[in-house]
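# What the coordinates show
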Amino acid sequence: MARKREPDDDLSVHDLIEGPTEILSRETLDAARRPGAADADPGVERTHDLSAAAAEVTTDLSGPAAEVTTDLSGHGPAGTGGRERVELTRMPAPGALYRRAVLSALPGLGRGRRGNDLPALEFAVRGVRVDRSHLADYDRVCGFRLTDRLPGTYPHVLGFPLALRLMTAPGFPIALTGVVHVGNRITVHRPISADETIDFTTYAQDLRPHDRGRQVDVVLVGSVDGEEVWRGVSTYLGRERTPGGRERGERSCPPTATARWRVEPRVGTAYARVSGDHNPIHTSRLGARLFGFQRPIAHGMWSKARCLAALETRLPDAYTVEVAFKLPVPLPSTVNFALLPDDGFALHDSRGRPHLVGLVR
């Protein structure tokens, strides 16, 4: 039975980003390539502080994210690194998981305390197929070309419900409600075709303190015929009341914009539909206010995908792209995309404050 299409399913990126993308002059682009960006060491598997590429000195929210599997349980023959492996027959339904998370946050209805350690679990789903109409919808919302090759950020969307299942597991140390996505690193080992079937595995690692709470890395791995072809590491911050506060650094001049985009409120609902991430801070004014935002904010992974779409013709077959999410993108707003030296890029607001800084290597 064919999936019923909603009226907004055929939105182009120009519907979501109002008006034509303002591509600036070649002179402006060259001016953006100023010296001084930090070099990345491709041999170090950790989330880098990309603040030096932005025009503001800020606290590094990403922190170290070493790809080290820790044996937390001492047993777990079906998993790796001592984790117990739980194989699901299909991807979980995100809606049910969000309802569970909301209920667990309500006073008197909480389902157990948050743990102080990571659960020794990994969840897996085999044989995930690509729905080409869904892929096309995702491409349109994020600005990618319509092709049979999966955008680098698309497997994150395919496997997101599995990661969500992990984050709503009993004892997971950070509550899903109010969690802040502060960093993401994606490694594409080779191009992935829409014809291929992908197996996904997810687990958590590196729970660590932060001056505003605790951070954790959620790892999502995509494999085809037993070969790892894609890996994503998302860093999440669980905000807690801690003594002290965030120190703000001195602001310098932002990089010159390469393109300027007007981001409309429909970005929140359109990306929620194609990603399955229906966190109300992205789709509801009331939901956003409950978590301290004056109006809804764009998904961080939409911002990353939109930047990657702008770089699409420059990307090699195999690459790693990582970003640090700084200030949220309010809906609506105008954002400035800038190319930086040494394959860096950034997204700033109209006042020059960074929303996102990234690096391709």
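Residues numbered from 1 in each chain as written. Predicted model: local features only at pLDDT ≥ 70, side-chain atom pairs only at ≥ 80, totals over all residues. Heavy atoms only, no water.

### What about the nonpolar core?
Counting residues in each nonpolar core, the largest one holds 70 residues, and the members touching the most others are Y138, Y271, F337 and F345. The leading source of residues in this core is helix α5 (residues 154-167), at nine residues. (Core = buried A, V, L, I, M, F, W, Y, C linked by side-chain atoms within 4.5 Å. Buried < 20%, exposed > 50% of the residue type's maximum accessible area, 1.4 Å probe, protein only. Helix = DSSP H or I, 4+ residues; strand = E, 2+ residues; numbered from the N terminus.)

### Re α5
For α5, spanning 14 residues, the distance from its first C-alpha to its last is 20 Å, which sits close to the expected 20 Å at 1.5 Å a residue. F160 marks the point of greatest bend in α5, at about 50 degrees, and the proline P161 comes within the next four residues. Extensive coverage of α5 is indicated by the burial of 14 of its 14 residues. (Expected span 1.5 Å × (residues − 1). Bend = angle between axes of the 7 residues up to and from the residue.)

### Topic: unusual backbone geometry
Look at the link from L331 to P332: it is a cis peptide, with omega at 0 degrees. Of note, P332 is situated in the loop between β9 (319-325) and β10 (333-340). In the Ramachandran plot, D342 falls in the positive-phi region, its phi being about 55 degrees despite a non-glycine side chain. Position of D342 relative to the elements: it lies in the loop between β10 and β11 (344-349).

### Here we look at the pairing of strand β3 (residues 121-128)
Every regular strand shows the same layout, with side chains that alternate between the two sheet faces. The buried fraction of β3 amounts to six of the eight residues, a majority that puts the element mostly inside the structure. When strand β2 (residues 84-88) meets β3, the two strands line up parallel, connected through five bridges. Across the sheet, the residue bridging to E87 is A124, located in β3. Note: β3 against strand β5 (residues 198-210), four bridges, orientation antiparallel. (Pairing = 2+ DSSP bridges.)

### Some words on empty space enclosed by the protein
Summed over all chains, the structure comprises one cavity of 30 Å³ or more. For the largest cavity, the calculated volume is near 60 Å³. Surrounding the largest cavity, H156, G159, F160, A163, V218, L220, W230, G232, V233, S234 and Y236 form its lining. Mapped by element, the contributors of at least two residues to the lining of the largest cavity are α5, β6 (213-224) and β7 (227-239). Among the elements that line the lining of the largest cavity, the one with the most residues is β7, at five residues. Residues that form the lining of the largest cavity fall into these classes: seven nonpolar, four polar and no charged. (1 Å grid on protein atoms, 1.4 Å probe; cavity = no way out; pocket = protein on both sides within 12 Å on 5 of 7 lines; lining within 4 Å. Points joined across faces, edges and corners; volume = space filled by probe spheres on them. Nonpolar A, V, L, I, M, F, W, Y, C, P; charged D, E, K, R; others polar.)

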